[in-house]
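# Report on the structure
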Amino acid sequence: MREDRINTVTEITEFGLVVLVVSGAFSAAVALTKVAERFPIPAPALFLVVGTVGSDIFARLEHVLSIRDVERIGVVALIVILFDGGMKVGWRRFRAAALPISTLGIAGTLATAALVAVPAHYLFDFGWTTAWIVGAALSPTDPAVMFSVLGNREIRGRAGTILEGESGANDPVGIALMIGILDYATHAHASVWTIVREFCVEMSVGLAIGVAGAAVLLQLMRRITLPGQGLYPIRTLAAAGVIYGVTSVAHGSGFLAVFVAGLLVGGSRVPYKGDVERFHVSLASLGEMVVFATLGLTIHLSDLRHSNQWLDGLLLALILVFAARPLAVGPLLLPARLRPRERIFVMWSGLRGAVPILLAAFAVLEGVDGARRIYGIVFVVVTFSVVVQGTSIPFVAARLGVPMRTAEPLGIRRLAVAQRSRADGETIRGLPIGERSWITRIRRGGADLPFRGTTVLRPGDEVYAITDLEDVDALRRVFEGVKAQTGRRGPEGSRPAA
């Protein structure tokens, strides 16, 4: 009996240590996002680097997760990220740029794969099949990185919509292409027709089930009420998983189905839509942290150095950025109504991330020749893309004259302090805004104002507040309504004496 008690105590202690380490890691990841806010470094780059360094410092971490574990974690994270990305773009924005998004997502992805495969064959001594595997792995841009870099910024015009839409649309294309090539590489009787057939089946089935799944989900959201407000976002998350699962079982592209469903749900009016969107934004952020950190754990810096994979990867990254991407995407952007500088911005901003590493993991799991070398090279390319390209996005946008501004997160309300309103002359601490509202930012004279509870508001101040939907009207009355007079004002509009 005492032995059982000791074992129970040991189990609780050991599991408590696991919870402590995991929670501490997530706390550190959240803190890193603050670093990314102050310095122009995308948060995924920090997660990736931390995971990589951690695997070298703590050698035991390499035995915690296998490539298959990482692949499954990546799939789950991508389901959440793509559904959230589809909702962010929305059907209305997608429809306005449907042609360039579709051409970049399909033709651009295939062309990029081909233009990467050629130097991979001639410069790195890969066979043609292996070279095409490298090209397929690096062909799609990454929604986790793109939505992270652009998520708190708005790009005026169609360039931002094209980049976000492309990053969601070309992932299913790249994944279907990789599956077809791997099938061709690992089966003796497969032919090029196998790749074409696999690609067409996955795209058509994924599109059909995505549209049908969104139609069913929208009817459920509009017609069936749930007993608790917190259940509505969970229902949407479960539906996204069902859509992916049904599509995969039907041999379609589950990622395309999820992205299409997100597009249609994001462009529709449904109850508790704000709650659903906030929930999925949080989950997508969590998925981004997890997938990049776990992918980093699968790489050892010493392996990259000893086999010169870092040099091969750096060379291929430069070819991809300065040759393959412009040659593949540039001609496809000509019919789009974009200024020349916007086209250059779109060509530069094709960021690689978790999806290419995930595709390289597929090659490792299938046991193709040179799979580990492919994995290392792709990892270096992704690191270069996330760190160098991702960091440069705001700078390049400014130099090219592409308007970009910081966007407020969901749930933030912008309010202007009106003259003689309740907020006029009041301190932040004295505002009657309730315990569910919180002031996050104040702008005065076009610049951010450092503030504290004793800061006094003036007419014309722009106040940004987090608040619940049901409190918005009351909040507006505090900042924009005229305060009831309880006495006569003295000279020059002074307040009546207490």
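First, a word on what this report is: a plain description of the structure on this page. Keep in mind the model is a prediction, meaning the values are calculated, not measured.

## Some points on the overall build of the chain
From N to C terminus, the chain includes 17 helices and six strands. Residues classed as buried in the chain amount to 48% of the 498 residues present. Considering only residue pairs separated by 6 or more positions, the chain has 79% of its internal contacts joining residues 24 or more positions apart. A total accessible area of about 24,500 Å² is found for the chain, and carbon and sulfur atoms account for 62% of it.

## Section: the packing of helix 8 (residues 192–223) against helix 9 (residues 231–249)
In contact at an axis separation of 10 Å, helix 8 and helix 9 are set at 155° when each is read in the N-to-C sense. By the angle between their axes, helix 8 is roughly antiparallel relative to helix 9. The two elements helix 8 and helix 9 cross, and the hand of that crossing is right-handed. Listed contacts from helix 9 to Val 205, Gly 206, Ile 209, Gly 213, Ala 214, Leu 217, Leu 220 and Met 221 of helix 8 are Arg 235, Thr 236, Ala 239, Ile 243, Val 246 and Thr 247. Taken together, the residues of the contact of helix 8 with helix 9 sort by class into nine nonpolar, four polar and one charged.

## Comments concerning the environment of Ala 465
Residue placement: Ala 465 occurs in strand 6 (residues 462–466). Here Ala 465 falls in the buried class, since its relative accessible area comes to 0%. Residues Ala 465 and Ser 437 lie 28 residues apart in sequence; the distance between their C-alpha atoms is 6.6 Å.

## Some details on the packing of aromatic side chains
Scanning the model with the defined rule gives five aromatic pairs in all. Summarising the aromatic geometry, the rings of Tyr 122 and Trp 128 are spaced 5.7 Å apart at their centres and angled 85° between planes, so their arrangement reads as edge-to-face. Here Arg 441 stacks its cationic end above the ring of Tyr 464, 4.9 Å away from the centre of that ring.

## Section: the nonpolar core
By size, the foremost hydrophobic cluster in this structure holds 118 residues, and its most contacted members are Phe 345 and Tyr 375. In terms of residues, this core owes the most to one element, helix 16 (residues 371–400), which gives 15 residues. In this structure, Tyr 375 is in contact with Ile 67, Leu 295, Thr 298, Ile 299, Ile 357, Ala 360, Ala 361 and Val 364, ignoring residues within four places of it in sequence. One finds Leu 431, Leu 457, Leu 475 and Phe 479 within the second-largest nonpolar core, a separate group that totals 14 residues.

## Some thoughts on empty space enclosed by the protein
Per the stated rule, a full pass over the model turns up one cavity of 30 Å³ or more. Its volume calculated, the largest cavity comes out at about 30 Å³. Contributing to the lining of the largest cavity are Leu 320, Val 321, Arg 325, Met 347, Trp 348, Gly 350, Arg 352 and Gln 389. Secondary-structure elements contributing two or more residues to the lining of the largest cavity are helix 13 (309–333) and helix 14 (340–348).

## A word on the pattern of salt bridges
Proximity of charged atoms lets side chains of opposite charge pair with each other. Taken as a whole, this structure holds twelve salt bridges when the rule is applied. The partner of Lys 88 in a salt bridge is Asp 84, with the nearest N and O atoms 3.5 Å apart. Taken together, the residues Lys 88 and Asp 84, both in helix 3 (residues 67–96) and four residues apart, mark about one turn of the helix. On the accessibility criterion, Lys 88 (35% relative accessible area) is partly exposed. Between Arg 325 and Glu 166 there is a salt bridge, with the nearest N and O atoms lying 2.7 Å from each other. Note that Arg 325 is positioned in helix 13 and Glu 166 in helix 7 (residues 159–186), a separation of 159 residues in sequence. Judged by relative accessible area, which is 3%, Arg 325 ranks as buried.

## Overview of unusual backbone geometry
Of note in the backbone geometry, Asp 125 takes a positive phi value of approximately 60° without being a glycine. Residue classification places Asp 125 among the exposed positions, given a relative accessible area of 70%. A positive phi angle, close to 65°, is found at His 251, a residue other than glycine. Along the chain, His 251 falls in the loop between helix 9 and helix 10 (254–266).

## Let's talk about helix 10
Taking 1.5 Å per residue as the helical rise, helix 10 with its 13 residues ought to reach 18 Å, and the 18 Å between its terminal C-alpha atoms agrees with that figure. Among the 13 residues of helix 10, 13 are classified as buried, and the element is accordingly described as predominantly covered.

The rules we used
- Residues numbered from 1 in each chain as written.
- Predicted model: local features only at pLDDT ≥ 70, side-chain atom pairs only at ≥ 80, totals over all residues.
- Heavy atoms only, no water.
- Helix = DSSP H or I, 4+ residues; strand = E, 2+ residues; numbered from the N terminus.
- Buried < 20%, exposed > 50% of the residue type's maximum accessible area, 1.4 Å probe, protein only.
- Contact = heavy atoms within 4.5 Å.
- Areas by Shrake-Rupley, 256 points an atom, 1.4 Å probe, with all protein chains shown as cover.
- Axes fitted to C-alpha atoms, helices over the stretch in contact; angles between N-to-C directions.
- Parallel < 35°, antiparallel > 145°, perpendicular 65-115°, else oblique.
- Left-handed = near helix turned anticlockwise from the far one by under 90°.
- Nonpolar A, V, L, I, M, F, W, Y, C, P; charged D, E, K, R; others polar.
- Phe/Tyr/Trp six-rings, centres within 6.5 Å; stacked < 30°, edge-to-face > 60°.
- Lys NZ or Arg CZ within 6 Å of the ring centre and 35° of its normal.
- Core = buried A, V, L, I, M, F, W, Y, C linked by side-chain atoms within 4.5 Å.
- 1 Å grid on protein atoms, 1.4 Å probe; cavity = no way out; pocket = protein on both sides within 12 Å on 5 of 7 lines; lining within 4 Å.
- Points joined across faces, edges and corners; volume = space filled by probe spheres on them.
- Salt bridge = Lys/Arg side-chain N within 4 Å of Asp/Glu carboxyl O.
- Expected span 1.5 Å × (residues − 1).

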